Amino acid sequence: MFTKNNKSPDVAPVEPPKVVPAQDAIRGAATKSAARAASIICADMKINGSVISEDSLQIDGIVDGDVTATDITIGASGQITGEVKAEVVKVKGKIRGSIRARKVELETGAHVKGDIVHSSLQIQSNAVFEGQVKHADDPLRETGPQAASETKSSLSAAAPSPGAFGISSQPS
């Protein structure tokens, strides 16, 4: 009736739970802007044309065109020729063109040749800036200044001739 059995009772071995991220959690994190990393234009990239992002943008390469995003950082090796438009613009590299942003920071080593329309402007030591500055309550809605290349060409086209100031090359 009762016999000793060397076998242990049938108990299924306990397996550790598999760690698989929930797809909904991944999709949810990807749609939240706080969880997103900035889009990056690397130092070995050159873009001819406009760049538009609905989030943050880090530019370490060269962009020959207008750049629009929520938050733009131009790295030390970054270069933009065109208008830069964002809520926040941080410049460590070079911009040849206008900047329109609520907050503009020109960090050490920055070189900007163009006009800036802003709500808040910070220029650190050893940052180079050539252009005009205009404060605006909403710089993103107002019409901005022309790009530096356009300003230069329009100024040279409108430059007066030497005789325009009452100086004549011929004796009277």
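The structure presented is a predicted model; accordingly, all values stated were derived computationally and were not measured. (Residues numbered from 1 in each chain as written. Predicted model: local features only at pLDDT ≥ 70, side-chain atom pairs only at ≥ 80, totals over all residues. Heavy atoms only, no water.)

Chemist: Before we move on, could you go through the pairing of strand β4 (residues 56-59) and cite the residues and values that matter?
Modeler: Burial along β4 is one-sided: the face carrying Leu57 and Ile59 is buried and the face carrying Ser56 and Gln58 is not. In this sheet, strand β7 (residues 71-74) lies alongside β4 in parallel orientation, the contact comprising four bridges. Bridging from a neighbouring strand, Ile59 pairs with Ile74 of β7. (Buried < 20%, exposed > 50% of the residue type's maximum accessible area, 1.4 Å probe, protein only. Helix = DSSP H or I, 4+ residues; strand = E, 2+ residues; numbered from the N terminus. Pairing = 2+ DSSP bridges.)

Chemist: Can you explain the pairing of strand β11 (residues 99-106)? Please cite residues and give values.
Modeler: By the criterion of burial, β11 is predominantly enclosed, with six of the eight residues buried. In terms of strand pairing, strand β9 (residues 84-91) meets β11 through seven bridges, oriented parallel. When the bridges of β11 are listed, Val88 appears paired with Lys103. Where β11 and strand β13 (residues 116-123) come together, seven bridges link them in parallel fashion. Counted as the bridge partner of Leu106 is Ile123 from β13.

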